[in-house]
Amino acid sequence: MLKATLRSFLAHKGRLALSALAVILSVAFVSGSLIFSDTVTRTFDRLFASTAADVTVQPKQQDLRSARLSGSVPTLPAALRERVAKVDGVAAARAEVSVQNAVVVDAGHRSVGPTTGAPTIATAWHVTRRSPVELTSGHAPRGAGEALLDADTARRKHVRIGDTLTVQAQPGTFEVRVVGVATFTTTNPGSALLYLDPAVAGRELLGSAAEATSVSVDAVKGVSDAELERRVRAALGTRAYDLKTADEKAKSAAAGLGTFLDVVKYVMLGFAGVALLVGVFLIVNTFSMLIAQRTRELGLLRALGADRRQVRRSVLTEALLLGLVGATLGLAAGIGLALGLIRLMSAFGMNLKATEMVIGWGTPVAAYVVGLGVTFVAAYLPARRAAAVSPMAALADAEVVGVGKPLRTRAVAGTVVGAVGAAALAGCAAATRTAQAAALLGLGVVLTLIAAVVAGPLLVRPVIRVLGAAFPALFGPVGRMSRRNALRNPRRTGATAAALMVGLALVGGMSVASASMSASFDRQIDENLGADFLVQNANFAPYTREVHKVVAGVPGVGLVVRQRLTQVVVGLPDGDRVRTSATAYGPGLDDVVHLTYAQGGSAAALAGDRLAMDAGFARNHGVHVGSVLPVEFPGGRRAELTLAALTDQDTAEGFGTQGGLFVGLTTLERYVPRAQDSVLYVNAAAGTEPRDLRPRLERALKPFPQVQVRNQTDYKRLVHDQIAVLLYLVYALLGLAIVIAVLGVVNTLALSVVERTREIGLLRAIGLGRRQLRRMIRLESVVIAVFGAVLGLALGLVWGVCMQQVLALRGLRALAIPWGTIVAVVIGSAVVGIVAALLPALRASRMNVLAAIAHE
């Protein structure tokens, strides 16, 4: 049996090649993502471990997180260094000044920082054994007005020693002359580094030489990091600061990097999942057709004495051989994919070395578990079907197709699963809480997808009769035969179309969701935004307050309203403590933003120590106008704020700010004095047209390349672009699904041509031309592809409408159906069918007629 199995596998290796390709793709994405993430993690672990001080004293972690929102820099007293230096076991202590919210521009007003999202770090120049860079040209900065720049940034931005750069920091703008270049001795994480003289760094970057961002502590020989951390904590005698050992600091930095790695890993694993799911249909179909074609062969084996277990084991062995080959080639392809990602990261400034690629033991294990597992699972049902072949089948040219009972079983199973899935989706539409609706949506999507796959063959005949109804009139007997060929084996047609259905269902659902999100944001912008222009950062990050001074001084500018953000913790009457973000507005809010109030108004909300809140959030937590709420601001500052107004806005939850909290700018400045502006709302003065004001604003803001001037149309486009990023990922997943689906159609048609060799020979003998034969196979392929598209889009539309119901609970209430996309997908599916049929149709048309008639 082993010899027979090996010979059978080698005899059909060409027919199994396309199935192997699906395994290769899925294994490549799994192994590539693991290798890439392991390589980046190992590289940065070394970087963080080699540059972290033995102990670091820094502000509280929650203050560091909130600083990204408000643009303020958490600090501690620089004099803390003297207290720490006196602790027994301390070899050296340094007051560090390092900020990541500085913007550096050259003489041409071009940003010197990275464009990949990595920060520009302005810091004090300290030479230690842990420095990530070394001075390679020029000299160290001496006093105000001098700076070092890292070599990678200098080369990428064409900055030379002697050039003048402008630094926009929290206290203000200042100029520096580049007096030296420092080269990385470790991995460059992609950031731009600007070094200042330690004597002036605190004043220039923080506004005071008496402040620092952390204190780095080195231990004397023989004192462990943990022991030193204990001693320093005891000496400080306060919990106002976080203390971290070198190992803890490295892990904290790696955790921040882990967010980026998780995005890359989950995206690639998403591709792997789609490849696996779609590949299963391809492998099931391939083995089912091969077993149907080998009915006589399997019957003969049974007649010669092979029992059912041996036949089943033989088919599963072939599948495992296929998985073994696919996993091996997929692992090699995954290494190549990881290498490509490493080089791509290097092109973006993250200098990873391909020679340090990490292939852990878990990567090949995962590759072979995926490759062997998916083929084994996919081939199990065909193997059971093979074991059921009767020895009498060797005497007849019969296929093991089974249409009666199996399809009745499918009907019952598909109906039950589909009914439960439909009930879950209906529950999602009726739910009033977001978490509950999302859980029901996920359950409904999974169950309805399973039901569509299980019951797909039952829909083949009614749907394809409709889709191919015009074929006889348009293409005559050829059209009639193509439709009958697609109807001949509903199970095979359903499995072939299922691969395409999965991808298109995903695209249909996400297209409806993204179109609805865009329409909802458009409606909210139209209803709520009343300003002529917004001045904001490209990535919505805070920026220097000097921008406000420049904008306010532009001729033709009327009202300018400032907006800032901060993180707060609010205590509520029901006992909840909610951590959320709060917005602060300056005077004139009603002239630039149209808010609807359930109680109170803007004047009351923006008064000192007052607060506004979304009416629904207040109702859920038992808050009413006049309630005094304890609010904790960054830095541990606490306040008692009185609720003065309730808003009735869809945007309260739609923009992701739980509670819809906002306060007056004077209130925020009292508790977070260093918060920076995140948006400026600008109205043209009386007598000035907005179209005339815009070029003036853009000219005035040229020295600030990090901010842009946007009107309502620009703001809508920005929101659409943000949503489109997710949609592009879905389209990429669709592309992969289509590639594998095309392989499935090609494989099905190719095996079908082999199966119908005698039939094709007879048709050619009675007058069917080569051109007509090719057309018949192409039409069969098109109708199968369009059938998959119709099922997928119908399923996707239902999912999309339910997704919109979940979004509606977050304030995004508009439903939009992208009919243009749906029509384009159906047309594209027909094109996919034509492309997939090219090679099988060509092969069929080149058959020798007499040899085909004599084929066994």
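Computed from a predicted structure; not experimentally measured. (Residues numbered from 1 in each chain as written. Predicted model: local features only at pLDDT ≥ 70, side-chain atom pairs only at ≥ 80, totals over all residues. Heavy atoms only, no water.)

### Some words on the overall build of the protein chain
Working step 1: Across its full length, the protein chain holds 27 helices and 24 strands.
Working step 2: Taking the principal axes of the C-alpha coordinates as reference, the protein chain spans close to 95 × 65 × 55 Å.
Working step 3: Counting only contacts in the protein chain whose residues sit at least 6 apart along the sequence, the fraction spanning at least 24 positions is 82%.
Working step 4: In the protein chain, 88 side chains carry a positive charge and 58 a negative one; their mean positions are 14 Å apart. (Helix = DSSP H or I, 4+ residues; strand = E, 2+ residues; numbered from the N terminus. Contact = heavy atoms within 4.5 Å. Lys, Arg positive; Asp, Glu negative; His and termini not counted. Charge placed at Lys NZ, Arg CZ, Asp CG, Glu CD.)

### So, a nonpolar patch on the surface
Working step 1: A contiguous nonpolar surface patch, about 520 Å² in accessible area, is contributed by Val823, Ile827, Val831, Ile834, Val835 and Leu838.
Working step 2: Here valine 823 shows up in helix H26 (residues 819-845). (Patch = residues over 30% accessible without salt bridge, like charges linked within 9 Å, V, L, I, M, F, W, Y side chains within 5 Å. Areas by Shrake-Rupley, 256 points an atom, 1.4 Å probe, with all protein chains shown as cover. Salt bridge = Lys/Arg side-chain N within 4 Å of Asp/Glu carboxyl O.)

### Notes on the packing of aromatic side chains
Working step 1: For the structure on display, the rule yields 5 aromatic pairs.
Working step 2: Consider the rings of tryptophan 125 and tyrosine 195, whose centres lie 5.0 Å apart with planes at 80 degrees: the pair is edge-to-face. Remark: tyrosine 195 occurs in strand E11 (residues 192-196) and tryptophan 125 occurs in the loop between strand E6 (120-124) and strand E7 (133-138); sequence separation between them is 70 residues.
Working step 3: For tryptophan 125, a relative accessible area of 12% translates into the label buried. (Phe/Tyr/Trp six-rings, centres within 6.5 Å; stacked < 30°, edge-to-face > 60°. Buried < 20%, exposed > 50% of the residue type's maximum accessible area, 1.4 Å probe, protein only.)

### Here's the deal with the environment of threonine 647
Working step 1: Within the secondary structure, threonine 647 is located in strand E21 (residues 638-647).
Working step 2: Each C-alpha atom of the pair threonine 647 and histidine 624 lies 12 Å from the other, and the pair is 23 residues apart in sequence.
Working step 3: If sequence neighbours within four positions are ignored, threonine 647 has contacts with Thr596, Tyr597, Ala598, Met613, Asp614, Ala615 and Phe662.

### Brief notes about the confidence of the model for the protein chain
Working step 1: When pLDDT is averaged across the protein chain, the result is 83; 92% of the residues are at 70 or more.
Working step 2: Confidence, read as mean pLDDT per element, is least for helix H20 (residues 651-654) in the protein chain (40) and greatest for strand E23 (residues 679-684) (94).
Working step 3: In the model, residues 398-405 has pLDDT below 50 throughout and makes 12 contacts with residues more than four positions away in sequence or in other chains.
Working step 4: Confidence drops under pLDDT 50 across residues 651-656; counting only partners more than four residues distant or on other chains, this segment forms 15 contacts. (pLDDT = per-residue confidence, 0-100.)

### Describing unusual backbone geometry
Working step 1: Phi at histidine 109 takes a positive value of approximately 65 degrees, unusual for a residue other than glycine.
Working step 2: If you trace the backbone, histidine 109 turns up in the loop between strand E5 (103-105) and E6.
Working step 3: Residue classification places histidine 109 among the partly exposed positions, given a relative accessible area of 32%.

### Section: the pairing of E21
The side chains of a regular strand alternate between the sheet's two faces.
Working step 1: Most of E21 sits inside the fold, with 7 of its 10 residues counted as buried.
Working step 2: Alignment of strand E18 (residues 597-599) against E21, held across 2 bridges, turns out to be antiparallel. Along E21, the bridge assignment pairs tyrosine 597 with threonine 647.
Working step 3: Note that strand E19 (residues 610-614) and E21 share 5 bridges and pair parallel. Pairing of methionine 613 across the sheet is with leucine 646, part of E21.
Working step 4: Relative to E21, strand E20 (residues 628-632) runs antiparallel, the two sharing 5 bridges. Bridged to proline 630 within E21 is glutamate 640.
Working step 5: Taking the residues that link successive antiparallel strands as the turn, the E20-E21 hairpin has 5 residues, and the phi of glycine 635 there is positive, at about 85 degrees. (Pairing = 2+ DSSP bridges.)

### Topic: the nonpolar core
Working step 1: Ranked by internal contacts, the top residues of the largest apolar core, which has 111 residues, are Phe36, Leu441, Ile777 and Trp799.
Working step 2: Considering every element that reaches this core, the biggest residue donor is helix H25 (residues 770-808), with 16 residues.
Working step 3: Ignoring any residue separated from it by four or fewer positions in sequence, one finds isoleucine 777 in contact with Leu749, Val753, Ala837, Pro840, Ala841 and Ala844.
Working step 4: One finds Leu80, Val84, Ala124 and Phe174 within the second-largest nonpolar core, a separate group that totals 42 residues. (Core = buried A, V, L, I, M, F, W, Y, C linked by side-chain atoms within 4.5 Å.)

### A few points about the state of the cysteines
Working step 1: Under the definition given, this model contains 0 disulfides.
Working step 2: Looking at the unpaired cysteine 428, the closest cysteine sulfur is the one in cysteine 802, lying at 5.0 Å.
Working step 3: Classification of cysteine 802 by relative accessible area gives buried; the value is 7%. (Disulfide = S-S within 2.5 Å.)

### Things to note about the sheet that holds strand E13 (residues 214-219)
Working step 1: Read across the open sheet, the 4 strands follow the order E3-E13-E1-E14; overall the sheet is antiparallel. Bordering the open sheet on either side are strand E3 (90-96) and strand E14 (241-245), each of which pairs with just one other strand. Across the sheet, the axes of successive neighbouring strands diverge by a mean angle of 20 degrees, strand direction being ignored.
Working step 2: Here 6 bridges tie E3 to E13, and the two strands are oriented antiparallel to one another. From the neighbouring strand, alanine 93 faces E13, where its bridge partner is valine 217.
Working step 3: Across the sheet, helix H7 (residues 225-236) touches strand E1 (55-59), E3, E13 and E14, and the angle it forms with E14 is around 165 degrees. (Axes fitted to C-alpha atoms, helices over the stretch in contact; angles between N-to-C directions.)

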